[in-house]
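Structural overview for review
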Amino acid sequence: KTFAEFVHKTQFADLPNEVVEQVKDYILDSIGCTIGSYGVPEGVLIAKMGKEFGSGVDGTILPTGQKTSAAAAAYVNSKLCNFIDADETLYNYYHIGGVPLFSALHAAQKVGASGKDIITAIALAYEFSYRFCSSYALLTITETGGTEIAKASGFGFNSIAGAVAAAKILKL
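Residues numbered from 1 in each chain as written. Predicted model: local features only at pLDDT ≥ 70, side-chain atom pairs only at ≥ 80, totals over all residues. Heavy atoms only, no water.

**A closer look at the overall build of the protein chain**
Rule in force here: Counting from the N terminus, the helices are DSSP H or I runs at least four residues long and the strands are E runs at least two residues long. Exposed residues in this analysis have more than 50% of their type's maximum accessible area, buried residues have under 20%, and partly exposed residues fall in between, with area computed by a 1.4 Å probe over protein chains only. Throughout, a residue-residue contact means that at least one pair of heavy atoms, one from each residue, lies within 4.5 Å. Computed with a 1.4 Å probe, the accessible areas rest on the Shrake-Rupley method; for each residue, only the protein chains presented here act as cover.
The number of helices and strands found in the protein chain is 7 helices and 4 strands. Taken from the N to the C terminus, the helices and strands of the protein chain come in the order α-α-α-β-β-α-α-α-β-β-α. Considering the protein chain as a whole, with its 172 residues, one finds that 40% of them fall into the buried category. Counting contacts in the protein chain only where the partners sit at least 6 residues apart, residues at least 24 apart contribute 65% of the total. For the protein chain, the computed accessible surface area is about 9,300 Å², with 58% contributed by carbon and sulfur atoms.

Laid out in C-alpha cells, this is it:
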C-alpha cells in the first residue's frame, strides 16, 4: 500500500535531474539492445512472435515497425531487449531490462502519454525492482559496498515492475 501511494503521488517534477538523466540513458541503452537483438536469427524469430501473440495496432515491434497489440509489443520488445544479454544491470546482476520501458512505452502509445510520463513510470518501476531485490535478500549490499546475490533467485519481480510502469502511465 505504501509503495502504491508513492507511485500514485510521484510526478516528473519530483525526480532529481540525475535520475531523469539516468533513465534517459537507460532508455537509449534498452532501445539499442532491442534493435541489436534483431541482428541475430533468434531475434528475428522473437520479433515474428508479436504477430502471433496478439492483434491490434496500439503497439509497435521496435526493430520492424510491425503493429500489434500493446501487450504483445511490450512482451516482444522486452524479450528482444534482454536477448543478447547486453542490457543494463542492477549491481551487475539483475537485468531490469526493457520490461519497465516497454510496458510504459506501449501503455503510453495506447493513451498518448508524454515523454515525462514515460520517464516517471520507468524511474518508479526501477525503484520498485531495487526495493524488491533488497527487501527479499535477493541482493545485499555488503559493509564494504560490494554486493551479494542470493544463490536461488529469479526475475519475477520484473513482471511486477512492468505492471508498476503501466499502472503509472494508465493512472490506475
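Right, picking up where we left off after that structure.
**So, the environment of Phe132**
Position of Phe132 relative to the elements: it lies in helix α6 (residues 115-135). Placed 26 residues apart in sequence, Phe132 and Asn158 show a C-alpha to C-alpha distance of 9.7 Å.

**A word on helix α2 (residues 17-37)**
Going by this rule: In this analysis, the expected span of each helix is defined as 1.5 Å times one less than the number of residues it contains. Each direction from the helix axis to a C-beta atom contributes to the arc, which is the arc of those directions.
In this model α2 runs 30 Å from its N-terminal to its C-terminal C-alpha over 21 residues, within 8% of the 30 Å that 1.5 Å per residue would give. Taken as a whole, α2 has its buried residues at Val20, Val23, Tyr26, Ile27, Ser30, Cys33, Thr34 and Ser37. Along the axis of α2, the buried positions cluster into a sector of 150°, meaning they face one direction only. Away from the buried face of α2 by more than 90 degrees, exposed residues Asn17, Glu18 and Leu28 are located.

**Comments concerning helix α4 (residues 70-83)**
Between its first and last C-alpha atoms α4 spans 20 Å; for 14 residues at 1.5 Å apiece the expected length is 20 Å, and the two agree. Those residues of α4 not exposed but buried are Ala70, Ala72, Ala73, Ala74, Val76, Asn77, Ser78, Leu80 and Cys81. Looking at the buried residues of α4, the elements they touch are α2, α3 (41-53), β1 (59-60), β2 (67-68) and α5 (98-111).

**Points about the nonpolar core**
The cut-off we apply is this: For the purposes of this section, nonpolar cores are sets of buried Ala, Val, Leu, Ile, Met, Phe, Trp, Tyr and Cys residues that join through side-chain atoms within 4.5 Å.
If you look at the biggest cluster of nonpolar residues, it comprises 28 residues, and the most contacted ones within it are Ala104, Ile122, Val164 and Ile169. For this core, the secondary structure elements donating two or more residues are α1 (2-9), α2, α4, α5, α6 and α7 (157-170). Among the elements that take part in this core, α6 stands out by supplying 8 residues, more than any other. In this structure, Val164 is in contact with Phe3, Val7, Leu124, Ala125 and Phe128, ignoring residues within four places of it in sequence. Formed by 6 residues, the second largest nonpolar core is a distinct cluster that contains Ala47, Ile61, Val76 and Leu80.

**Description of the pattern of salt bridges**
Heads up, the rule is: When a carboxyl oxygen of Asp or Glu is within 4 Å of a side-chain nitrogen of Lys or Arg, the pair counts as a salt bridge.
Taken as a whole and assessed by the stated rule, the structure comprises 2 salt bridges. Residues Lys24 and Glu21 are paired through a salt bridge, measuring 3.5 Å at the closest nitrogen-oxygen approach. Taken together, the residues Lys24 and Glu21, both in helix α2 and 3 residues apart, mark about one turn of the helix. The exposure class assigned to Lys24 is partly exposed, which follows from its relative accessible area of 37%. Judged by its relative accessible area of 37%, Glu21 is partly exposed. When the shortest N-O distance is used, the salt bridge between Lys110 and Asp58 registers 3.2 Å. Residue Lys110 is found in helix α5, and its partner Asp58 is found in the loop between α3 and β1; the two are separated by 52 residues along the sequence.

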